[in-house]
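Summary of structural features
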Amino acid sequence: MKFWIKIIVALSVVLVTGFCVWAFCFKEKDEVQAYNNLSEMVDYKESLGIREKMLDLRSMNYVNGNEEKVIGNDTDTEKKIHEVRANLISDTPIVGEREGGVVVYTYNSYIVTDSYLDDIIEYYLPYTKGDFANSKTLKALKRNIKDYNSSLETLQSRIDELMKYQNYIEGEEIQMDMLLARYNSLYADYRTSLNKGASLVLSMLDYIDVSIYSNNIIVDLNMALSDAFARSLLKSSSVTDTQAPDFANDLYMVEKKISEVQNDVDVFTSEYSEYDFLSSYNLLYNNYKDTLNYVFSSKNQEKNNMADGGGLNSVYEKAKQAVVNILNVLGF
């Protein structure tokens, strides 16, 4: 009996010693996990070739691998396929008009919005390097990376499945119905992926704020627009289909501001200056994040009303003018 006890004790000592050596020498330190995991995620997405496949799908407006068998625009099914394709891969904004040619909404396709998402993630990737990692923000970031990776894997499989089927079919009516179903599935999966990407950006910015800047970050113009983009995308990718154009339009307004700033267009006025915008965004980001969520979750008409100083009963008194400033600069 004593012999076995000695064996067990010896093994325990070996295991504990081995674990200590691993933890000290080989375990990845918390402060490098955010950067390393994000870098691996960026590489993983690139390896899936999602953008390249979506661009191939953009030019693939035919069936059976035959460029002469172009998808028509006569039946309701064919029209719906073209509509979903535009929402997925159009290189120009989708515009909705009512009688009289009045524009009621404008928004970018998913592939265009995805490029904004990629740019933001890659821009902030180096900022996740630091000497300290807050455990709560690191845990949230790693969870969002995992969720995003999973959505990308599903998305890639859905693209491959659709393209394989579209190349196989002859274009018969029942086959086109099934092709539409596959386009709808791809649309839903891409929507989910963008939603997970928006959550990832918000957790990245939170990690940078808390872990890198000790909860004292000063929000600059790029971060303000990136945060506005992520909150708008999170909402637009989670509403019902009937609400989607309205919120996609608001996302487009933020994307347009990002593009203008990147092209050195002055987006400020004497009434709403850069100082007004940034001081307002810093106030809300550091003290009233729930107000930011409320604002970017509101409908277009509600945002326009708040920009004019109305409909602010649910906003803290100290945050009201900040909301007005931010929405006016964003174009509401």
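First, a word on scope: everything that follows refers to the structure included in this document.

Conventions and cut-offs
- Residues numbered from 1 in each chain as written.
- Predicted model: local features only at pLDDT ≥ 70, side-chain atom pairs only at ≥ 80, totals over all residues.
- Heavy atoms only, no water.
- Helix = DSSP H or I, 4+ residues; strand = E, 2+ residues; numbered from the N terminus.
- Expected span 1.5 Å × (residues − 1).
- Polar contact = N/O pair within 3.5 Å; in protein donor to acceptor, adjacent residues only side chain to side chain.
- Phe/Tyr/Trp six-rings, centres within 6.5 Å; stacked < 30°, edge-to-face > 60°.
- Buried < 20%, exposed > 50% of the residue type's maximum accessible area, 1.4 Å probe, protein only.
- Lys NZ or Arg CZ within 6 Å of the ring centre and 35° of its normal.
- Contact = heavy atoms within 4.5 Å.
- Patch = residues over 30% accessible without salt bridge, like charges linked within 9 Å, V, L, I, M, F, W, Y side chains within 5 Å.
- Areas by Shrake-Rupley, 256 points an atom, 1.4 Å probe, with all protein chains shown as cover.
- Salt bridge = Lys/Arg side-chain N within 4 Å of Asp/Glu carboxyl O.
- Lys, Arg positive; Asp, Glu negative; His and termini not counted.
- Charge placed at Lys NZ, Arg CZ, Asp CG, Glu CD.
- Core = buried A, V, L, I, M, F, W, Y, C linked by side-chain atoms within 4.5 Å.
- Pairing = 2+ DSSP bridges.

**As for helix H6 (residues 135-168)**
Since there are 3.6 residues in each turn of an α-helix, residues three or four apart along the chain are aligned in direction. Here H6 spans 50 Å end to end across 34 residues, near enough to the 50 Å set by a 1.5 Å rise per residue. One side-chain oxygen of the residue at the start of H6 lies 3.1 Å from the amide nitrogen of Lys 136, identifying that residue as Asn 134.

**Observations concerning the packing of aromatic side chains**
What the rule picks out here adds up to ten aromatic pairs. The interplanar angle of 15° and the centroid separation of 5.0 Å between the aromatic rings of Tyr 110 and Tyr 187 together place this pair among those described as stacked. Here Tyr 110, found in helix H5 (residues 110-124), pairs with Tyr 187, found in helix H7 (residues 173-212); they are 77 residues apart in sequence, far enough to count as distant. Between the aromatic rings of Tyr 110 and Tyr 190, the centroid separation amounts to 5.6 Å while the plane-to-plane angle is 70°, which identifies the pairing as edge-to-face. Here Tyr 110 is found in helix H5, whereas its partner Tyr 190 is found in helix H7, with 80 residues between them in sequence. With respect to burial, Tyr 110 and Tyr 190 carry one shared label: buried. Pairwise contacts between aromatic rings join Tyr 110, Tyr 187 and Tyr 190 into one cluster. Its end group placed over the ring of Tyr 35, Lys 129 keeps NZ or CZ at 4.4 Å from the ring centre.

**Things to note about the environment of Gly 311**
One can find Gly 311 in the loop between helix H12 (300-307) and helix H13 (320-330). For Gly 311, a relative accessible area of 40% translates into the label partly exposed. Taking the C-alpha atoms as reference points, Gly 311 and Ala 34, separated by 277 residues in sequence, lie 40 Å from one another. Not counting residues up to four positions away in its chain, the partners in contact with Gly 311 are Tyr 294, Asn 305 and Met 306.

**Quick look at a negative patch on the surface**
On the surface, a cluster of negative charge is contributed by Glu 40, Asp 43, Glu 46, Glu 52, Asp 56, Asp 119 and Glu 122. Of all the secondary-structure elements, those providing two or more residues to the negative patch are helix H2 (30-48), helix H3 (50-59) and H5. Examining the composition of the negative patch, we find that three residues originate from one element, H2, more than from any other. Mapped onto the fold, Glu 122 is located in helix H5.

**Describing the nonpolar core**
Counting residues in hydrophobic clusters, the biggest one holds 92 residues, and the most contacted among them are Met 54, Leu 88, Leu 179, Phe 277 and Tyr 281. Filtering out sequence-adjacent residues up to four positions away, Tyr 281 remains in contact with Val 219, Ala 224, Asp 227, Ala 228, Leu 292, Phe 296 and Ile 326.

**A closer look at the pattern of salt bridges**
Following the criterion strictly, the structure yields twelve salt bridges and no others. When the shortest N-O distance is used, the salt bridge between Asp 118 and Lys 45 registers 2.7 Å. Taken as a pair, Asp 118 in helix H5 and Lys 45 in helix H2 lie far apart in primary sequence, 73 residues in all. The exposure class of Lys 45 is buried, given its relative accessible area of 10%. Between Asp 227 and Arg 231 there is a salt bridge, with its nearest N and O atoms 2.7 Å apart. Here Arg 231 and Asp 227 lie together in helix H8 (residues 221-236), a separation of four residues that amounts to about one turn. The structure contains a network of salt bridges with shared partners spanning Arg 158, Glu 161, Arg 182 and Asp 189.

**Comments concerning the pairing of strand S1 (residues 94-98)**
Sheet topology places S1 next to strand S2 (residues 102-107); five bridges connect them, and they run antiparallel. Following the sheet pairing, Glu 97 is matched in S2 by Val 103. Here S1 folds back onto S2 in antiparallel fashion, the turn holding three residues, of which Gly 100 has a positive phi close to 95°.

**What about H2?**
Over its 19 residues, H2 runs 27 Å from end to end, which matches the ideal 27 Å to within 8%, given 1.5 Å per residue. Buried residues of H2: Gln 33, Ala 34, Asn 37, Leu 38, Ser 39, Met 41, Val 42, Lys 45 and Leu 48, and no others. Elements that come into contact with the buried residues of H2 comprise H3, H5, H6 and H7. At the C-terminal side of H2, Gly 49 shows a positive phi close to 65°.

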